[in-house]
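Commentary on secondary and tertiary structure
Take a look at the letters that make up each chain.
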Amino acid sequence: MITFWHICSINKKIREIVRQASTLIHHIVVQNFIRFQDIKFNRVFQKIHLVHQKKLRKLSSSQSVVKIGENHDWIYNTTNVTLPEEVGAILAMGPKFITPFNPDKVRFFSLLKDVECIIGERIPEVDREENRALCTNAITNFMNKSSFGRYERPIDGEIRRKLKSTKIFLKNNPEIMVTRADKGNRTVLLMNPEYLDKMIKLVQDADTYKLLKGDPTPSLQREANKIVLLLFKEGYISESEKNRLVKYNCIPPKLYGLCKKHKSGMPLRPMASCLDSPGYNIAKFIHEILNQLTPTFSHNIKNSEELIEKLKDISVPQDYCLVSFDVESLFTNIKQPLVEQLISDNWDNIQPFTQLDLNNFLELVKFSFRSGYVMFLDQFYEQVSGCSMGSPSSPKYADMVMDYVLCEVVRISGIDLLILCSYVDDVFAVIKKSSINRVLDVFNAIDPHLKFTCELEDEDSFSLPFLDESVNSRFS
């Protein structure tokens, strides 16, 4: 549904560009240009369409027996329960794997309700009917059994069979908790009492959470909408932005934990499912603006592939060492005053991407911190320290803070760092062995709330795990 909205938005922009071009250039020239572009597009589209049709026919005609087996690298079982092979195979696929759909089991009216909710919240009124028609066509095609059956893959039957076995196994073993690892999208199995015990200890940490007497969702929803309507009234946002930011029927963020399986005792990282919460739309709006600032961060990397690209031309001298620095509970230790200061210092780089002035933008940032609360076991907790993991704005705050810290380390230490880069709260560096302790001291001296630990490369294998990769100092 979101894709349809983007398509309609692009078509609307194209129509507006054509209208403006017609006022500057003779309309015949514009029409000829559009006609030639359509011809070129149709030629390329038909070529790609024929290739895909050929692939689809080849896949559909394949009668080979396809089997899926358990991938032990993608599942971590901490329980004393032995998993059947088919259960391990399904769970190892991870939470992002899309299982085959069965149209008979689709809740049709719930689907229509969700579509109408998205259209009403995110699409301007003048474009809603067009989007309803597009969505209706897509849903009708999906619900058509004969159309669905044509695209059935040979592997789908086996996946459905193993998925059914997995559901039965988990139903018969309610003491097993299925979650995922903090990093790497691996599936982790814990005993439910162990998981609950760790989660209860997290919310009982008085330095991070405070138990609330009631549900703050209605009051925060009213506050969020009041802020949005005021920005619209003062002309800082458009009507379409106002409709996108205003939020109704909010639900509280739900707290859950991700297992840090690479750490001793496998502690849980607290995460909040903030979708449809009172602060979600404003936090996402902040994210979209600050995301434009990320390319200016000199030490930030997006993934392990970018790290490998940085390392490929580097030769590590014998007296240098691979080191990873890790921040203890980064998100809950990101303080609001530091974030506000960094935004103010970088406002010249942020301002081109928003119509808001600095004061109004900081008000949104303050609300994103105020709206940090969670629900766990039907009780509500205010997050009294840092920003919420799960809020769309929090990763951008973390990127800003980490880039600031790394720049300060380079400036203060004065030490030659062969490479220094960060991915969220993990830092990778190639440092002279004699300077490691000095660099760690500088890391811990920059902000009293941010505590860093370090891990050195293995002395025998010269390797260091980082972002699910094993980096070797002799890679050159």
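Now for a quick tour of the structure. Each residue is numbered by its place in its chain's sequence as written, counting from 1. Only residues with pLDDT of 70 or above have their local features reported here, since the model is predicted, and side-chain atom pairs are shown and tallied only from 80 upward, although totals for entire chains, interfaces and linings are computed over all residues. For side-chain calculations, the full set of non-hydrogen atoms in the structure is used, while hydrogens and water are omitted.

Next up on the list: the packing of aromatic side chains. Aromatic rings from Phe, Tyr and Trp, taking only the six-membered ring of Trp, are treated as a pair when their centres fall within 6.5 Å; an angle between ring planes under 30 degrees marks them as stacked, one over 60 as edge-to-face, and anything in between as tilted. Enumeration over the complete set of coordinates arrives at five aromatic pairs. Centre to centre, the rings of Phe41 and Phe45 are 6.0 Å apart; their planes meet at 20°, and the pair counts as stacked. Taken together, the residues Phe41 and Phe45, both in helix α2 (residues 27-61) and four residues apart, mark about one turn of the helix. Exposed residues in this analysis have more than 50% of their type's maximum accessible area, buried residues have under 20%, and partly exposed residues fall in between, with area computed by a 1.4 Å probe over protein chains only. Its relative accessible area of 52% is what places Phe41 among the exposed residues. An angle of 45° between the planes, with centres 5.6 Å apart, marks the rings of Trp347 and Phe361 as tilted. Here the residue Trp347 occupies a position in helix α14 (residues 347-350), and Phe361 occupies one in helix α15 (residues 358-370), the gap between them amounting to 14 residues. Since its relative accessible area comes to 11%, Trp347 is described here as buried. By definition, any uninterrupted DSSP run of H or I lasting at least four residues is a helix, any uninterrupted run of E lasting at least two residues is a strand, and each is numbered from the N terminus.

What follows deals with the sheet that holds strand β12 (residues 452-456). Spatially, β10-β11-β7-β12 is the arrangement adopted by the four strands of the open sheet, whose pairing is antiparallel. Both outer strands of the open sheet, β10 (417-423) and β12, are each paired with one neighbouring strand and no more. The sheet shows a mean angle of 20° between the axes of neighbouring strands, taken without regard to direction. DSSP calls a pair of strands paired once it identifies at least 2 bridges connecting them. Of the pairings in the sheet, the one linking strand β7 (residues 320-327) to β12 comprises five bridges and is antiparallel in character. Bridge pairing links Ser324 to Glu455 in β12. With axes taken as lines fitted to C-alpha atoms, and helix axes fitted only over the stretch in contact, angles between N-to-C directions fall between 0 and 180 degrees.

With that out of the way, let us pick up the nonpolar core. Phe325, Ile343, Phe361, Tyr397, Val405, Phe443 and Phe452 are the most contacted members of the largest nonpolar core, which has 64 residues in total. Sorting elements by how many residues they give to this core places helix α16 (residues 394-413) first, with eight residues. Note on contacts: a residue pair is in contact if any heavy atoms of the two residues lie within 4.5 Å. The contacts of Val405, once residues within four sequence positions are left out, are Phe443, Ile446, Leu450 and Phe452. In this description, a nonpolar core means a group of buried Ala, Val, Leu, Ile, Met, Phe, Trp, Tyr and Cys residues linked to one another through side-chain atoms lying within 4.5 Å. Tyr209, Leu268, Tyr280 and Tyr381 belong to the second-largest nonpolar core, a separate cluster that totals 17 residues.

Right, let's talk about helix α5 (residues 128-143) for a bit. Take the residue count of a helix, subtract one, and multiply by 1.5 Å to get its expected span. For α5, which comprises 16 residues, the first-to-last C-alpha distance of 22 Å matches the rise-based estimate of 22 Å (1.5 Å per residue) to within 8%. Those residues of α5 not exposed but buried are Arg128, Asn131, Cys135 and Ile139. Around the axis of α5, the buried residues are gathered within 65° of arc, so they sit on the same side. In this description, one arc is meant: the one made by directions from the helix axis to the C-beta atoms.

This paragraph deals with helix α9 (residues 217-233). Taking 1.5 Å per residue as the helical rise, α9 with its 17 residues ought to reach 24 Å, and the 24 Å between its terminal C-alpha atoms agrees with that figure. Buried within α9 are the following residues: Thr217, Leu220, Gln221, Ala224, Asn225, Ile227, Val228 and Leu231. The buried side chains of α9 occupy one side of the element, clustering within an arc of 155° when seen end-on. With respect to the buried face of α9, the exposed residues turned more than 90 degrees away are Arg222, Lys226 and Lys233. As for α9, its buried residues are in contact with α10 (239-245), α11 (280-290), α15 and β8 (373-376).

This next bit is on the state of the cysteines. What counts as a disulfide here is a pair of cysteine sulfur atoms lying within 2.5 Å. In this structure the tally under the stated criterion is zero disulfides. Free cysteine Cys274: the closest other cysteine sulfur is in Cys387, separated by 10 Å. Residue Cys274 is classed as buried on the basis of its relative accessible area, which comes to 7%.

In this section: a nonpolar patch on the surface. Patch criteria: residues need more than 30% relative accessible area and no salt bridge. Like-charged residues are merged within 9 Å; nonpolar side chains of Val, Leu, Ile, Met, Phe, Trp and Tyr are merged within 5 Å. In this description, accessible areas are obtained by the Shrake-Rupley approach with a 1.4 Å probe, and a residue is regarded as covered only by the protein chains that are shown. Each reported salt bridge corresponds to a side-chain nitrogen of Lys or Arg within 4 Å of a carboxyl oxygen of Asp or Glu. Taken together, the side chains of Leu24, Ile25 and Val29 define a hydrophobic patch exposed on the protein surface, amounting to about 320 Å² of accessible area. The topology assignment puts Leu24 in helix α1 (residues 2-24). For Leu24, a relative accessible area of 76% gives the class exposed.

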